[in-house]
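Next come the chains, spelled out residue by residue.
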Amino acid sequence: MDGARIIDRLRPDAEGERQDLVEGLFASHARISPKYFYDEMGCALYGAICRLDEYYPTRTEIALFQANRDEIAKAIGPGRQFVDLGAGDCGKAQGWIPFLAPRRYVAVDIAAHEIGKSLARIAPDFPGLPLVGLATDFTHALDLEGVLDGSPALFFYPGSSIGNFTPKEAVRFLSCIKGQCATRPGSTLLVGVDGKKDKALLDAAYDDALGVTAAFNLNVLRHLNARHGFDFDVAAFRHVGFYDEGEGRIEMHLEARRDTAVHVDGRERAFLAGERIHTENSYKYHAAEFEAILGEAGFATIRRWDAPAGGYFVFHAA
């Protein structure tokens, strides 16, 4: 691909990955990591979710960016290395490139197949801009050796994906990003954060009328069947998504419609009707709560922009 290179640092550990999966499935409260959402089908379904009437975070963030584009760009400064965490189709970063005039764009994502397609799509629009695709699970480690140089970088984490971490995990992850900033003086973070709001609005955003989010959640079982040879009966499960006000988070589960079982390495994991597999959390924050998390992660200078209607924030932290 002209003007782009792909670096694969996924470091596959098939045995360890399978062991973690089995441990999660056979736990008393079964769980599957949300990273398994993002096969080719899952990426397409997530793109559709972002266009749903009920799913407000994407359009709210876009409107917030558009309303404050010049001010945010001035705060960041031009000519940075632009590191797009969880880049997906690169669409969220694409609108920023003309305003930030980065010296390098790095698309980071666990979905290696998606990165190549996305960079090929945007490359004609930005001739002369070095494009790099980094395939890695950045939630565990972010190895940028040979990808970035020592000049200032912007770490871009939009879409309220930070909510997929627990608050303690978010502190650890953001501390890692702060460490990356420290090795490149002048580097900063731009992160989108969804706020706590009415339960009915949040419930609808994660359990839409068309059933796209349900298909996205159920697809994880199809993905595991194809990738690991499991034998989940996908039709035996249904999507459950809701806001837990006490925990301050959305929870997504797959609930058994009837008694069913999956067979793994000669073992059977039975699921009784009504039993659930926990697949994802999405934590919501008051602005002050997330500012405290940024401070705990080591960021000292924090600036915030709020959506006009409230309930969604963008933070620029250094």
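What counts, and where the lines are drawn
Residues numbered from 1 in each chain as written. Predicted model: local features only at pLDDT ≥ 70, side-chain atom pairs only at ≥ 80, totals over all residues. Heavy atoms only, no water. Helix = DSSP H or I, 4+ residues; strand = E, 2+ residues; numbered from the N terminus. Rg over C-alpha atoms; globule rule 2.2 N^0.38 Å. Contact = heavy atoms within 4.5 Å. Areas by Shrake-Rupley, 256 points an atom, 1.4 Å probe, with all protein chains shown as cover. Pairing = 2+ DSSP bridges. Axes fitted to C-alpha atoms, helices over the stretch in contact; angles between N-to-C directions. Expected span 1.5 Å × (residues − 1). Bend = angle between axes of the 7 residues up to and from the residue. Buried < 20%, exposed > 50% of the residue type's maximum accessible area, 1.4 Å probe, protein only. Polar contact = N/O pair within 3.5 Å; in protein donor to acceptor, adjacent residues only side chain to side chain. Parallel < 35°, antiparallel > 145°, perpendicular 65-115°, else oblique. Left-handed = near helix turned anticlockwise from the far one by under 90°. Core = buried A, V, L, I, M, F, W, Y, C linked by side-chain atoms within 4.5 Å.

Our focus in this paragraph is the overall build of the protein. The helix and strand tally for the protein stands at 10 helices and 13 strands. For the protein, the C-alpha radius of gyration of 20 Å lies close to 20 Å, the compact-globule estimate for 318 residues. Expressed as lengths along the three principal axes of its C-alpha atoms, the size of the protein is roughly 55 × 45 × 35 Å. Considering only intrachain contacts with a sequence separation of at least 6, the fraction spanning at least 24 residues in the protein is 70%. Entry remark: accessible area of the protein is about 13,900 Å², with carbon and sulfur atoms responsible for 52%.

Moving on: the sheet that holds strand S2 (residues 81–85). If you walk across this open sheet you meet the eight strands as S1-S4-S3-S2-S5-S6-S13-S12, and the pairing is mixed. The two strands at the open ends of the sheet, each matched to only one other strand, are strand S1 (4–8) and strand S12 (302–306). Taking each pair of neighbouring strands and ignoring which way they run, the sheet shows an average axis angle of 15°. Relative to strand S13 (residues 312–317), S12 is paired through five bridges, and the arrangement is antiparallel. Bridged to Ile 302 within S13 is Ala 317.

This part covers helix H3 (residues 56–76). Compared with an ideal rise of 1.5 Å per residue, which puts 21 residues at 30 Å, H3 spans 26 Å between its outermost C-alpha atoms and falls more than 12% short. The largest bend along H3 measures about 75° and falls at Asn 68. Turning to H3, its buried residues number three or more, namely Tyr 56, Pro 57, Thr 58, Glu 61, Leu 64, Phe 65, Asn 68, Arg 69, Ile 72, Ala 73 and Ile 76. Just beyond H3, the residue with positive phi is Gly 77, at close to 95°.

With that settled, the discussion passes to the environment of Arg 304. Along the chain, the position of Arg 304 falls in strand S12. Under the relative-accessibility criterion, Arg 304 is labelled partly exposed at 35%. Discounting chain neighbours no more than four positions away, the residues touching Arg 304 are Ala 287, Glu 291, Phe 313, Val 314 and Phe 315. A polar contact of 2.9 Å, which involves the side chain of Arg 304, links it to the side chain of Glu 291. Reaching out from Arg 304, the side chain makes a polar contact with the side chain of Asp 306 at a distance of 2.6 Å.

A separate point is the packing of helix H2 (residues 40–49) against helix H9 (residues 212–228). At a closest axis distance of 9 Å, the pairing of H2 and H9 adopts a crossing angle of 165°. As the angle between them shows, H2 and H9 are arranged roughly antiparallel. Here the hand of the crossing between H2 and H9 comes out left-handed. Mapping the contact onto sequence places Met 41, Gly 42, Leu 45, Tyr 46, Ala 48 and Ile 49 in H2 and Val 212, Thr 213, Ala 215, Phe 216, Asn 219 and Arg 222 in H9.

Let's shift gears to the nonpolar core. Formed by 37 residues in total, the largest nonpolar core has its most connected members in Leu 85, Phe 155, Ile 162, Leu 174 and Phe 290. For this core, the secondary-structure elements that each account for two or more residues are S2, strand S3 (104–109), strand S4 (131–135), strand S5 (153–157), helix H7 (167–182), strand S6 (188–194), helix H10 (287–296) and S13. A total of six residues in this core trace back to one element, the largest contributor, which is H7. If we ignore the near neighbours within four places in the chain, the residues touching Leu 174 are Ile 162, Leu 189, Phe 290, Ile 293, Leu 294, Ala 297 and Phe 299. Judged by nonpolar contacts, the second largest core, of 35 residues, contains Leu 25, Val 220, Tyr 243 and Val 264.

Spatial relationships are all this shows, so hold off on functional conclusions.
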